[in-house]
Each structure stands twice: as structure tokens, then as C-alpha cells.
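Structure assessment
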Amino acid sequence: MPVFPKFATRVAAGLLAGVAAVSLNSAASAEVDLSGKTVEFVIPFSESGGSASWANFFAPLLSEALPGNPTVVVRYRPGAGSTKGANWFQRQDNGDGTLIFGSSGSTQFPYLLDDPRVSYEYNDWKVVLASGVGGVAYLPPEIGAKFDGDADDLKEIDFIWGSQGATRLDLVPNLAWKMLGMKVEPVFGIEGRGAGRLMFERGEANIDYQTSPAYLKSVVPMVEAGRAVPMMTWGSLDDDGNIVRDPTFPEIPTFKEVCEATAGCETSGDAWDAWKAFFIAGFPAQKMVFLPGTASDEVVKTYEAAFKKILSRPDFKELSATTLGAYPQKTGAAAEKAKSLATNVPKEAKTYVINWLKDDYGVTLK
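Reference entry: report on the structure contained in this document. (Residues numbered from 1 in each chain as written. Predicted model: local features only at pLDDT ≥ 70, side-chain atom pairs only at ≥ 80, totals over all residues. Heavy atoms only, no water.)

1. A few points about the side chain of serine 51
We apply this condition: Note on conventions: DSSP H or I runs of at least 4 residues are helices, E runs of at least 2 residues are strands, and numbering of each starts at the N terminus. Residue exposure (1.4 Å probe, protein chains only): buried if accessible area is under 20% of the type maximum, exposed if over 50%, otherwise partly exposed. What qualifies as a polar contact is a pair of N or O atoms within 3.5 Å, subject to a donor-acceptor requirement within protein and to the restriction that residues adjacent in sequence count only when both atoms come from side chains. Pairs of residues are marked as contacts when any of their non-hydrogen atoms sit within 4.5 Å.
Note that serine 51 resides in helix 2 (residues 50-65). Look at serine 51 and you get buried, because its relative accessible area is 5%. At 2.9 Å, the side chain of serine 51 forms a polar contact with the side chain of lysine 287. For serine 51, the contacting residues outside a window of four places in its chain are Ile43, Phe45, Ser104 and Lys287.

So this is what it looks like as C-alpha cells:
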């Protein structure tokens, strides 16, 4: 039988290289050990809002799920409606797994609208979790008594509410209230939705909305005590892209339902298309966990595995029900898809919103 020494040598070398590569990859993966370390979970908001509730829910579970059981500490870097903290994270090159960042819709919207204060790039970051979230608008009881499923009896009321900024996630309620014909004056510049809730509690605002984690934690007790009345949710997105009732608050009508019942509000046309586009960008994947762009594939896979472990816990649904609500939690390829959905909007919707922000609030974007 003929022998082909060169061919045999190449095959053997290839096999050895393959074995070596597998060994190296396994070794590299095994090296991700966070024993004795502290993981900083940074969110660009204050400690009183929905992002704080979300991060503090996941922090101890992540500590249990990560190799070495590191201490996971939530850090707050509020400012400029989350832009300050996101800009800071963009500059970080600590990719060893001891730093993660939690963004929100209020971080995504300035990015989508080319806000000049933005110096961060979502495509540079590595997503390891995407959390769907809902939102609920609510009223004081004396005004809530006038709400019967449409906004017609609310149109002559002068509303005030605390808002993080015109280009933040708050543009979803701001545009909704405009479409309903309501006179709502935002007080821009609060550091988080928790500050807006406190304005409502002190009587400085007579309308507010909170994302689901904060609503469940801080507003439901007010509703139960008769100090607040839910008005509407922003809804949820079904598999066909339709807005349906929020699964966490199925008894509360959606904005779409209230709009359909209110004179002059249309669920078709430019305004509706823009509102829906930004709702989709802001809520189905509203909160995401990122590693810096310098994180290795092994670190990314370690975090993905940790979140998969958390999400597959038999008690996760029960644990999350009163904190996060009944929304999808995604990691791996599903999180990447959710990130793409959250960081892209149609050009027409973007143009509409930019023009509306300029006309109504004097906000000029590049």
C-alpha cells in the first residue's frame, strides 16, 4: 500500500491543532472564575426607579449563578436621563466579567434620535440579557373618577408630571397624551422615574407613569390604599406585532383601547406609526444587561450561562411575578435579536418624532 508521508503529516498536524484548540478553548472557559471578586452592576439611574428594582432583583440571583459566586453590587450613576452613565460605560475597558451595565429605554431613545449628548455605541457592547417591561399610567383618585375608558373628560384638565427628558423613554407617554388631546405639561430634568413618582405622591404632579417593576413595588400599594387610580398601560406586543393587553395587568386597558374610545385620537396614520415604533423600541426589550466590548467570548458565554441558569430555575416565575411582571427574559441569540429591535426604528418614525420634539418642546437634534 502506498504511503503519503506529507499528506499524513498534514493530517496529523491538523488533528493535533484541532485537539489543541479544543483544549485551549476549554481551558480559557475554565479560567472564568469570579471567586472572591466583586461584580459591579451599574445602572445609569437613581436607586428609586424601575431599573433599580430590576437590577436589585437579578443581583443576588446572579451571584448564585456565576462561577465562584462573586458578590454582585448594584451601583448608581444617574445624570442626563441616563446618558451620563452610558457615556461612562462606553469608556470602560474592564472585560474580565467584574463590570456589567444595565441600560433602559431612556438610554436607547437618545441613541435612536442622534442626541448630541450621546457618545456611546450599542454595537460596541455585548448583550447578555434582554428584559421585556411594561408601563402603567395612573391618576390621583379625584381625577381618576372622571376617567371612564376614554380621555374626553380629561381634556380640559391642566396636568403636570415629572419627566426625565424629551428624548428619553418618557416620549412614549408624552406622545400618547398629545394624541389623546390632553394638556400635559412635563417638568423635565428629573433623574429617574422614581423622582416622578415622588412628585405625584407629594401632590406636585397630577399624572404619572412607571415601568412595571416600579409600578408593582411602589404604585400598587398606593392603588390599594386609594391614593392612585390606574388609567392605562402601553400594552404588550403579540407574536404578530399587534398591541394587546399587558399580561401583568390584564384588567387595565391599553393606550390603543383608550385612543380608539377617545374623540380625535387615531390608531392609524403618522402619529400612531411613530408612537408604536418607539413603543416597540422602548418596551419589549426595555432593559438590557451588557458587558464591555473588551469582554472575551468566554466571559460572554459565562454570563449567558448564568442568566440561563437563573431563568430556568423552577421558582423563577414565582420570584419574578411581583418584581418584574410576566414579561419575556432573553439571553443568547434571542437577546441579540431583542437588542436589534430596541436600537433601530423606521426612518419615517424617527423624522416624525424629531419634528414633534422641535415643535412642541423646542428640542433641536442633529
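Additional details are given in the paragraphs that follow.
2. Details of helix 3 (residues 83-90)
Burial runs high along helix 3: six of the eight residues are buried. Along helix 3, the positions that sit buried rather than exposed are Thr83, Gly85, Ala86, Asn87, Trp88 and Phe89. Where helix 3 is buried, its residues meet strand 1 (38-43), strand 3 (99-103), helix 4 (105-112) and strand 12 (287-291).

3. A short note on the sheet that holds strand 9 (residues 229-233)
To keep things clear, this is the line we draw: By this definition, two strands are paired if DSSP reports at least two bridges between them. In this analysis, axes come from line fits to C-alpha atoms, helices being fitted only over the stretch in contact, and the angle between any two N-to-C directions falls in the range 0 to 180 degrees.
Taken in spatial order, the three strands line up as 8-5-9 in an open sheet, and their pairing is antiparallel. The sheet is open, and its two edges are formed by strand 8 (208-211) and strand 9, each paired on a single side. Here the average twist between neighbouring strands, direction ignored, is 30 degrees.

4. Some remarks on the packing of aromatic side chains
Keep this limit in mind: Here a Phe, Tyr or Trp ring, Trp counted by its six-membered ring, pairs with any other such ring whose centre lies within 6.5 Å, and the pair is stacked when the planes are under 30 degrees apart, edge-to-face when over 60, and tilted otherwise. Look at NZ for Lys and CZ for Arg. If either is within 6 Å of the ring centre and within 35 degrees of the ring normal, a charge sits over the ring.
Using the criterion set out here, one finds 31 aromatic pairs in the structure. Both rings, one in tyrosine 122 and one in tryptophan 125, keep their centres 5.0 Å apart while their planes meet at 50 degrees; by these two values the pair is tilted. Relative accessible area serves as the criterion here: at 4%, tryptophan 125 is assigned to the buried category. Three or more aromatic residues link up through ring pairs in this structure, and these residues are Trp161, Trp177, Tyr209, Trp234, Phe255, Trp272, Trp275, Phe279 and Phe283. One cation-aromatic arrangement involves arginine 77 over tryptophan 88; the distance from NZ or CZ to the ring centre is 4.0 Å.

5. Structural notes on the pattern of salt bridges
What counts here: One speaks of a salt bridge when a side-chain nitrogen belonging to Lys or Arg is within 4 Å of a carboxyl oxygen belonging to Asp or Glu.
Enumeration over the complete set of coordinates arrives at 15 salt bridges. Lysine 350 is the salt-bridge partner of aspartate 114, the closest N and O atoms lying 2.6 Å from each other. Taken together, the residues aspartate 114 in the loop between helix 4 and strand 4 (126-131) and lysine 350 in helix 14 (residues 347-361) connect sequence positions 236 residues apart. Overall, the relative accessible area of 30% leaves aspartate 114 in the partly exposed class. Bridged by salt links that share partners, the residues Glu64, Arg313 and Asp315 form one connected network.

6. Some words on helix 13 (residues 333-342)
Worth spelling out the cut-off: The arc in question is the one traced by the directions running from the helix axis out to the C-beta atoms.
Regarding helix 13, the residues found buried are Ala335, Ala338, Lys339 and Ala342. Relative to the axis of helix 13, the buried residues are bounded by an arc of 105 degrees and lie together on one face. Summarising the geometry of helix 13, the exposed residues directed more than 90 degrees from the buried face are Ala333 and Lys337. On its buried side, helix 13 packs onto helix 4, strand 4, helix 10 (270-282), strand 12 and strand 13 (329-330).

7. Considerations on the sheet that holds strand 4
What the six strands build is an open sheet, ordered 2-1-3-12-4-13; its pairing is mixed. Of all strands in the sheet, those with a lone pairing partner are strand 2 (71-76) and strand 13, marking the two edges. The pairing of strand 4 with strand 12 spans five bridges and is classified as antiparallel. Within strand 12, the residue paired with alanine 130 across the bridge is methionine 288. The sheet contacts of helix 13 involve strand 4, strand 12 and strand 13, and relative to strand 4 the element is tilted by about 80 degrees.

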